[in-house]
Amino acid sequence: MMKSSIVMLFLFIFSFQCSISNQKPDHIFEKQSEQIISMSKRRFEQETDNDQSKVDPNDRISVELWNKLNEEDIKNMPMIDDYSNEHTATQWLTWYVRVLQRYNQIDNHLGWNFLTNINEENQEVLINQTLIRAPFTKLSLTAAKKFNEYMKYSQNEDLKRIFGRLALGTINNNEEDLKRTSQLQAELENIYATTKVCESNNPEKCYTLSPYLERSMQIEKDYDRLIWAWKGWHDSCGNKVRPVYIPYINLLNKNTKENGYKDLSEPWIAEYEMGDIEEFEETIDQLLNDTMPLYEQLHAYVRGRLCSIYPNRFNCHGPIPAHILGNMWAQQWNDRFDDLIPYPDAPLVNITGALIERGYTVHRMFTTAESFFTSIGLYPMTPKFWARSLFEKPTDRDVVCHASAHHMQYQDDFRVKMCTEVNDDHFDTVHHELGHIEYFMAYERNQPYLYQEGANAGFHEAIGDTIGIFATSPTHLITLGFLDENIVNSHYEINYLLRLALQKVAFLPFAYVMDKYRFLLFRDKIDHENELNSIWWALRIKHGGIMPPVPRNDKENFDAGAKYHTPSNVPYLRYFIAHILEFQLLRSLCQLQGVTEQFHMCDIYGNKHVGEKFKDMLDMGNSKSWQEILQSLNGETKLDSRAIVDFFQPLYEWLKNENHARGYSVGWDF
């Protein structure tokens, strides 16, 4: 997910987050895991020494100089005598871009410093920079909105598009509100990054979310131990986030309304360029409805199998308790695949085992992902990427481990921030993050500054996810030597499709609810005192059949706040859109290769003809509407849920038959 450097406040500019946090390392109490991580880190440092030597450590921005240059430029903003004059508008844009680019470079630099070293000093620097930038934001957006009143009728499509997007921005005229908002944002990031959960019988033994609690949720099978981890995190994090988050979004909402919007949901929705609020929500609702028959069959199968594992623990015809699905937020269920496998006689290749057996390090995982992109004619990573990314969790400071890709907007400086470990989930995540980097490089090298963004936020998430599906397909794993082609039969394919559905299909209702809930919150339709938590769970039960494993309390709990994107205020429907779009992109790329069926067995690795068409789409950045950009690849202009439904059709038919044969009921009461 990428946030617009044009129309969003500084608070959002440096938060480039990816859709998944599904690390799958070994058991949290195994010393062997720590030894593997330590060895991997030493090897990674050795492998990247040469890359780092290519980068001049002084080749970076000067915050002080950039601010001084901007201070002078702001004093010399071009005179505007006529906001309807296109020549005047173009001159103003030249000035605006010069100042904007410097401020964005500063924000990205300071944001990176904070996310990779959370402390009071870095937090204070961020807050101060927000105040330094504020006068420019006010000055430029005021002018942009005035220009847009005329440019929206212009025959010049570039001026019409650029000013239309600039006008979506908001201006904060209250310096105290701005400072307080920045402080609350930093505090929320800090809570999420530093919260720990302690053992009930040993308060000195405490664990962070990543990797320990997430790891426990993924591999622990004991029902009560899973409750300890789930409740511990949701209580410790969500309850702390609650008293900070509510005043934070109140300030954001107040500012948004002062800028003429109904509430904070409106500018979020406008970013997608999918019609007005009603049209957008109707589209999203329909996409979810289209996929629900598949989801309900998947849910019924998973619930039935888990009921056998945990007899008499929950209603086998109702919602599934959130803590037994292998993920802290029950957003993806693939880490319970071994307990759900349809055909044990055709076990899937153990990618984690294959990586370790072949001596993969963190560095090699990234170079392997890079080789997929370069094999289809996309870009290699830059020396600065290897020298300045954060690839592993440091031991000497607090960082935000949630994987993210960063466009520093300064001389080929692209980075990832990820507490990587050698396992199958991170192998997929690495491809996802490099997808963001490829998109950054494509539009930076082919578009003017104001078009250096994704076609929409969903596009940015979908690019890496699409390649990730190819990279872990049976066909590509055969290419990597991880899988013997002779064992791939119909049983293997159903196993593969189920595991992928547990990751992709199971995710859709969760992604849908994340923003549906916040939209209600932004629209003041949730009583903060009496409904804050119960509405969250009402939506999760209604749309996904997922319930809390223990009783929750509206007076103190805030379980939505235990998910990173809530305290970080990152819109989430981009991930929902991405999970629809990635299957459209995959279908299109396979069709370019001549594949018209069994898309789950398609692999575009090494196909530069397909890669050229893909790259042409990435090169367009945000220069056209996302509909036009999608059309350039496949002739389609709408999100199409049929792509994901068709991809999983063999699994859907199997699930219907299997659920009937086993007597598993479909659906749940709410």
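Residues numbered from 1 in each chain as written. Predicted model: local features only at pLDDT ≥ 70, side-chain atom pairs only at ≥ 80, totals over all residues. Heavy atoms only, no water.

Caption draft 1: Geometry of the UniProt feature "binding site: Zn(2+) 1" (unreviewed entry) in the protein. Following the UniProt record, the feature "binding site: Zn(2+) 1" (unreviewed entry) maps to His432, His436 and Glu461 here. Judged by maximum C-alpha separation, these annotated positions cover 30 residues in sequence but sit close together in space, the widest gap being only 7.6 Å. Of note, His436 is situated in helix H17 (residues 424–444). Judged by its relative accessible area of 0%, His436 falls in the buried class. Its place among the elements puts Glu461 in helix H18 (residues 457–471). (UniProt positions renumbered as here; feature names shortened; annotations may be inferred. Helix = DSSP H or I, 4+ residues; strand = E, 2+ residues; numbered from the N terminus. Buried < 20%, exposed > 50% of the residue type's maximum accessible area, 1.4 Å probe, protein only.)

Caption draft 2: Region of the structure containing the pattern of salt bridges. Under the definition given, this model contains 39 salt bridges. Of the charged contacts, one joins Asp177 and Lys254 as a salt bridge, the two residues approaching to 2.4 Å between their closest N and O atoms. In this pair, Asp177 sits in helix H8 (residues 175–194) while Lys254 sits in helix H10 (residues 223–258), placing the two residues 77 residues apart along the sequence. The exposure class of Asp177 is buried, given its relative accessible area of 15%. Since its relative accessible area comes to 37%, Lys254 is described here as partly exposed. With its nearest N and O atoms 3.2 Å apart, the salt bridge here joins Lys257 to Asp524. Within this pair, whereas Lys257 is found in helix H10, its partner Asp524 is found in the loop between helix H21 (507–522) and helix H22 (534–544), the two being separated by 267 residues in sequence. (Salt bridge = Lys/Arg side-chain N within 4 Å of Asp/Glu carboxyl O.)

Caption draft 3: Molecular detail of the UniProt feature "binding site: chloride" (unreviewed entry) in the protein. This chain's UniProt record puts "binding site: chloride" (unreviewed entry) on Tyr272 and Arg574. Maximum C-alpha separation among the annotated residues is 8.3 Å over a sequence range of 303 residues, consistent with a single clustered spot. As for its position among the elements, Tyr272 is in the loop between helix H11 (265–270) and helix H12 (277–309). Discounting chain neighbours no more than four positions away, the residues touching Tyr272 are Phe280, Asn456, Ala457, Pro571, Leu573, Arg574, Ile577 and Trp626. Among the structural elements, Arg574 can be located in helix H23 (residues 573–592). (Contact = heavy atoms within 4.5 Å.)

Caption draft 4: Molecular detail of the packing of aromatic side chains. Applying the stated criterion across every chain yields a total of 45 aromatic pairs. Both rings, one in Tyr439 and one in Tyr443, keep their centres 5.2 Å apart while their planes meet at 55°; by these two values the pair is tilted. With Tyr439 and Tyr443 both in helix H17, this residue pair falls four residues apart, about one helical turn. Both residues of the pair, Tyr439 and Tyr443, belong to the buried class. A connected cluster of aromatic rings, assembled from ring pairs, spans Tyr83, Trp92, Trp95, Tyr96, Tyr103, Phe136, Phe147 and Phe163. The ring of Trp228 has Arg225 lying over it, and the distance from NZ or CZ to the ring centre is 3.8 Å. Above the plane of the ring of Trp112 lies Arg415, whose end atom (NZ or CZ) is 5.1 Å from the centre. (Phe/Tyr/Trp six-rings, centres within 6.5 Å; stacked < 30°, edge-to-face > 60°. Lys NZ or Arg CZ within 6 Å of the ring centre and 35° of its normal.)

Caption draft 5: Region of the structure containing unusual backbone geometry. Cis geometry is adopted by the peptide bond preceding Pro211, which originates at Ser210 and carries an omega value of 5°. With respect to the element layout, Pro211 can be found in helix H9 (residues 209–219). Even without being a glycine, Ala330 presents a positive backbone phi close to 55°. Counting through the fold element by element, Ala330 comes out in the loop between strand E3 (320–321) and helix H13 (337–340). A positive phi angle is found at Gln409, which is not glycine, with a value near 60°.

Caption draft 6: View of the state of the cysteines. A complete count under the given rule lists four disulfides for this structure. The disulfide partner of Cys307 is Cys316, and the S-S distance across this bridge is 2.2 Å. Residues Cys307 and Cys316 are joined by a disulfide whose S-S torsion is about -120°; by sign, that bridge is left-handed. The exposure class assigned to Cys307 is buried, which follows from its relative accessible area of 8%. Using a relative accessible area of 33% as the deciding quantity, one classes Cys316 as partly exposed. The partner cysteine of Cys401 in its disulfide is Cys419, sulfur to sulfur 2.0 Å. Measuring the twist about the S-S bond at about -80°, one finds the Cys401-Cys419 disulfide to be left-handed. In this pair, Cys401 sits in the loop between helix H16 (383–388) and strand E4 (404–407) while Cys419 sits in the loop between strand E5 (414–417) and H17, placing the two residues 18 residues apart along the sequence. Owing to a relative accessible area of 9%, Cys401 belongs among the buried residues under this scheme. Look at Cys419 and you get buried, because its relative accessible area is 5%. Each bonded cysteine of the protein gets a number by its place in the sequence, and the pairs then read 1-2, 3-4, 5-6, 7-8. (Disulfide = S-S within 2.5 Å.)

Caption draft 7: Quick peek at the nonpolar core. Trp92 and Phe648 are the most contacted members of the largest nonpolar core, which totals 207 residues. Ranked by residue count, the leading element in this core is H10, at 16 residues. Counting contributing residues per domain, this core is built from domain 1 (5–187) and domain 2 (351–494 + 573–592 + 605–632), each supplying no fewer than three. Counting six residues, the second largest nonpolar core, distinct from the first, contains Trp112, Val399, Cys401 and Met408. (Core = buried A, V, L, I, M, F, W, Y, C linked by side-chain atoms within 4.5 Å. Domains from an automatic or database assignment.)

Caption draft 8: Highlighting helix H27 (residues 649–662). With 14 residues, H27 extends 20 Å from end C-alpha to end C-alpha; this agrees with the ideal 20 Å at 1.5 Å per step. Listing the buried residues of H27 in full gives Leu651, Tyr652, Trp654, Leu655, Glu658 and Asn659. For H27, the angular spread of buried residues about the axis comes to 165°, placing them on one side. Turned more than 90 degrees away from the buried face of H27 sit Asn657, His660 and Ala661, all of them exposed. As for H27, its buried residues are in contact with H12 and helix H20 (490–504). One or two residues past the end of H27 sits Gly663, with phi positive at roughly 75°. (Expected span 1.5 Å × (residues − 1). Arc of directions from axis to C-beta.)

Caption draft 9: Representation of the packing of helix H6 (residues 120–151) against H8 within the structure. Relative orientation of the contacting elements H6 and H8 amounts to 150°, with a least axis distance of 10 Å. The angle between H6 and H8 falls in the class roughly antiparallel. In terms of crossing hand, the pair formed by H6 and H8 is right-handed. In this structure, H6 contributes Gln123, Ile127, Thr130, Leu131 and Ala134 to the contact, and H8 contributes Glu175, Leu178, Lys179, Ser182, Gln183 and Ala186. Classifying every residue of the contact of H6 with H8 by side-chain character gives five nonpolar, four polar and two charged. (Axes fitted to C-alpha atoms, helices over the stretch in contact; angles between N-to-C directions. Parallel < 35°, antiparallel > 145°, perpendicular 65-115°, else oblique. Left-handed = near helix turned anticlockwise from the far one by under 90°. Nonpolar A, V, L, I, M, F, W, Y, C, P; charged D, E, K, R; others polar.)

Caption draft 10: Up close: the pairing of strand E1 (residues 196–199). As defined by bridge partners, E1 adjoins strand E2 (residues 202–208) across four bridges and the pair is classed as antiparallel. Looking at the pairing, Glu199 lines up with Asn202 of E2. Remark: two residues form the turn of the hairpin made by E1 and E2, two consecutive strands paired antiparallel. (Pairing = 2+ DSSP bridges.)

Caption draft 11: Structural context of the side chain of Arg540. Residue position: Arg540 is located in helix H22. As a buried residue without a salt bridge, Arg540 has its nearest oppositely charged side chain in Asp559, at a separation of 8.5 Å. A distance of 2.9 Å separates a polar side-chain atom of Arg540 from the backbone oxygen of Trp329. Not counting residues within four places of it along the chain, the set of residues in contact with Arg540 comprises Trp329, Ala330, Phe510, Val513, Gly545 and Ile546. (Lys, Arg positive; Asp, Glu negative; His and termini not counted. Polar contact = N/O pair within 3.5 Å; in protein donor to acceptor, adjacent residues only side chain to side chain.)

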